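Coordinate inspection notes
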Amino acid sequence: MSGLLHWVATHGEIIGRTVREHLVLSGVALAVALALALPMGVALVRHPRAAAIAVGGVNTLRTIPSLALLVIMLPVLGTGFLPSVVALTLYGLPAILLNTLVGLREVDADVIDAARGQGLSERQITTDITIPLALPVILAGIRTSAVQIVSAATLAVFIGGGGLGELISSGLGLLDIAQLVTGALLVALLAVATELVFGAIQFGLARRYGIAS
Amino acid sequence: MTWLLENWDTFAEALRQHVVLVAQALALSLAIALPLGIVSARRPRLYTLVLAVTGALYTIPALALFALLIPVMGLGSGPALTAIVMYSLLVLTRNVVVGLRSVSPDVLEAADGMGYGRLRRLLAIEMPLALPVVIAGIRLTVVTQISVATVGAFIGAGGLGDLIFQGITQDIGDKVVVGAVAASLLAIVADEALRLLEARAAALGGRP
């Protein structure tokens, strides 16, 4: 235990850098996954056949092991930040897309009919009615996705993407247990923190829109 | 592709290790999750506790869990097996509980009325009716286990992850891709096979 504290106290710089890398990597991947999956979900909900194909594809994607997904494009994309972001985005995409589709589909058709009857345009119905009502389910998907991405980002070190996996990898390589355990504890902490923060956002937003999640 | 043809034995051995590791992990996690689920299905407070503990384990990233076991258990397939089992408990236990709770109280009452004992009722009535949901849990668990086992190569568990990690250090792209594609295909095939089994069980035992 004192060895651990000593290692942390004397390696502030590398801890800071790997935490930063981990957060940037996860943050960018989550942002891209959101930018892709949310509009895709909104567009697909009106095209059941295309949606069925997309769900099939995404379900297969979800089955692929995280390590395999990270390294499978190695010969094509090489190593570093970009291939890591691409893989992590693909890894986080299914949960957001599936929940967006399910959330939007579950919105009561009567509610939409009523809105239409009150003269709301299709666009207004989407932004003012459908999306807020689907929000709890969509946010649950984003939360799952965020935790998955933060978790899988640990493996980015194997394709040169940096992050906290670096402490674990070099800790084992150097047989430096303090470094190994520090890396593992920080990763675990970050995953739990992500779960809690996104859980709080989910709860807060759902309450603001007056919907029980 | 040439790598695969020239190193077929290495590949077959890695695949075998992977399947054995996952099979052992599945057997062990069922041996824990089935009794745990049965015991906690009708005890809401215990179930909350079980969910909290197994949920916390599930949140820890795979590589971190492996790393945390090294100081305690060292390297090899023992700690890898332990970590994979720790990962599987949430989904398996939860599905056993959800499956058992989905059995209608009327059915249970009818069984009691017919003089079924607790154990016979559990084995002959409740478990068969819960089966589709339990198989759905096994399906999700096996896919997760195949994935986590891939990372297990990092602490010397062998398997398809070995091809990936060796391929990276030896700078043999083909080897990396073979390991990754094989692990993905294994997960996809297992998922599909268990999906069919799940549908079969649902058709046989009525609605889940």
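The model shown is predicted, which means the values in this text are computed figures rather than measured ones.

Turning our eyes to something else, we now look at the overall build of chain B. A tally of helices and strands in chain B yields nine helices and zero strands. In terms of overall dimensions, chain B has C-alpha extents of about 65 × 40 × 20 Å along its principal axes. Across the 208 residues of chain B, 49% fall into the buried class. Of all intrachain contacts in chain B linking residues separated by at least 6 positions in sequence, the fraction that spans at least 24 positions is 75%. Distance between charge centroids for chain B: 15 Å, based on 14 positive and 13 negative side chains.

Below, the discussion takes up helix α2 (residues 8-41) of chain B. Residue and element names in this part refer to chain B. For α2, which comprises 34 residues, the first-to-last C-alpha distance of 47 Å matches the rise-based estimate of 50 Å (1.5 Å per residue) to within 8%. Of the residues making up α2, those classed as buried are Phe11, Ala14, His18, Leu21, Val22, Ala25, Leu26, Ser29, Ala33, Gly37, Ser40 and Ala41. Against the buried residues of α2 lie α1 (2-6), α3 (44-59), α5 (77-101), α7 (118-152), α8 (160-170) and α9 (173-204).

What follows deals with the interface of chain A and chain B. Contact with chain A, which involves 30 residues of that partner, is made by 30 residues of chain B. Surface buried jointly by chain A and chain B totals about 2,400 Å² across both partners, of which 87% is contributed by carbon and sulfur atoms. If you look at where chain A meets chain B, you find zero salt bridges. Across the contact surface, chain A and chain B share one residue pair in polar contact (both at pLDDT 80 or more). Counting residues per element, the side of chain A that touches chain B draws most heavily on helix α10 (residues 177-208) of chain A, at 10 residues.

Pairing between side chains becomes possible if they bear opposite charge and their charged atoms approach one another. As enumerated under the stated definition, the model contains 12 salt bridges over all chains in all. As a salt-bridge pair, Arg116(A) and Glu122(A) come within 2.9 Å of each other at their nearest N and O atoms. As a salt-bridge pair, Arg121(B) and Glu126(B) come within 3.2 Å of each other at their nearest N and O atoms. Summarising the burial analysis for this pair, Arg121(B) and Glu126(B) share the class buried. By sharing partners, the salt bridges in this structure join Arg42(B), Asp112(B), Arg121(B) and Glu126(B) into a single network.

Residue and element names in this part refer to chain A. Taken together, the side chains of Val24, Val28, Val32, Leu36, Met40 and Phe81 define a hydrophobic patch exposed on the protein surface, amounting to about 440 Å² of accessible area. Of all the elements, helix α2 (residues 12-44) adds the most residues to the nonpolar patch, at five residues. Structurally, Leu36 is set in helix α2. For Leu36, a relative accessible area of 41% corresponds to the partly exposed category.

Residues and elements named next belong to chain B. Taken N-terminus to C-terminus, the directions of α2 and α5 make an angle of 40°; their axes are 7 Å apart at the nearest point. Taken as axis vectors, α2 and α5 run oblique relative to one another. Considering how the two elements wind past one another, α2 and α5 form a crossing that is right-handed. A breakdown of the residues in the contact of α2 with α5 according to their chemical character gives 18 nonpolar, seven polar and one charged.

Residue and element names in this part refer to chain B. Relative to each other, helix α4 (residues 62-73) and α5 sit at 135°, their axes nearing to 9 Å. The pairing of α4 with α5 is recorded here as oblique in orientation. Crossing handedness for the pair α4 and α5: right-handed. Here Ala62, Leu65, Phe66, Leu69 and Met73 of α4 come into contact with α5, specifically with Gly78, Pro79, Ala80, Thr82, Ala83, Ile84, Met86 and Tyr87. When its residues are assigned to classes, the contact of α4 with α5 shows 11 nonpolar, two polar and no charged.

Thresholds, definitions, all that
Once a new chain begins, its residue numbering starts again from 1 and follows that chain's sequence as written. Chains and ligands are labelled sequentially in the order written, the chains with letters from A and the ligands with numbers from 1. Thresholds applied to this predicted model are a pLDDT of at least 70 for local features of residues and 80 or more for the giving and counting of side-chain atom pairs; totals over whole chains, interfaces and linings are not thresholded and use all residues. Hydrogen atoms and water are omitted, and side-chain values are computed over all heavy atoms in the structure. What counts as a helix is a DSSP run of H or I of at least four residues, what counts as a strand is a run of E of at least two, and both are numbered from the N terminus. Residue exposure (1.4 Å probe, protein chains only): buried if accessible area is under 20% of the type maximum, exposed if over 50%, otherwise partly exposed. Any two residues whose heavy atoms approach within 4.5 Å are treated as being in contact. Note that His is not counted, nor are the chain ends; the positive residues are Lys and Arg, and the negative ones are Asp and Glu. Every charge is mapped to an atom, namely NZ of Lys, CZ of Arg, CG of Asp or CD of Glu. The span you would expect from a helix comes to 1.5 Å times its residue count less one. Buried area, as used here, totals the accessible surface that two parts lose on assembly, with accessibility defined by a 1.4 Å probe and the loss added over both. Salt bridges, as used here, are contacts in which a Lys or Arg side-chain nitrogen is within 4 Å of a carboxyl oxygen on Asp or Glu. Polar contact criterion, stated in full: a pair of N or O atoms within 3.5 Å, where within protein one must be able to donate a hydrogen and the other to accept it, and residues adjacent in sequence count only if both atoms are side-chain atoms. Two joining distances apply to patches: 9 Å for like charges and 5 Å for nonpolar side chains (Val, Leu, Ile, Met, Phe, Trp, Tyr), and every residue must have over 30% relative accessible area and no salt bridge. Calculation of accessible area relied on Shrake-Rupley with a 1.4 Å probe; when residues are assessed, cover is drawn exclusively from the protein chains displayed. With axes taken as lines fitted to C-alpha atoms, and helix axes fitted only over the stretch in contact, angles between N-to-C directions fall between 0 and 180 degrees. An angle counts as roughly parallel when it lies under 35 degrees, as roughly antiparallel when it exceeds 145, as roughly perpendicular when it falls between 65 and 115, and as oblique in every other case. Note: crossing handedness is left-handed where the near helix turns anticlockwise from the far helix by less than a right angle, and right-handed where it turns clockwise. Classification convention: Asp, Glu, Lys, Arg as charged; Ala, Val, Leu, Ile, Met, Phe, Trp, Tyr, Cys, Pro as nonpolar; all other residues, Gly among them, as polar.

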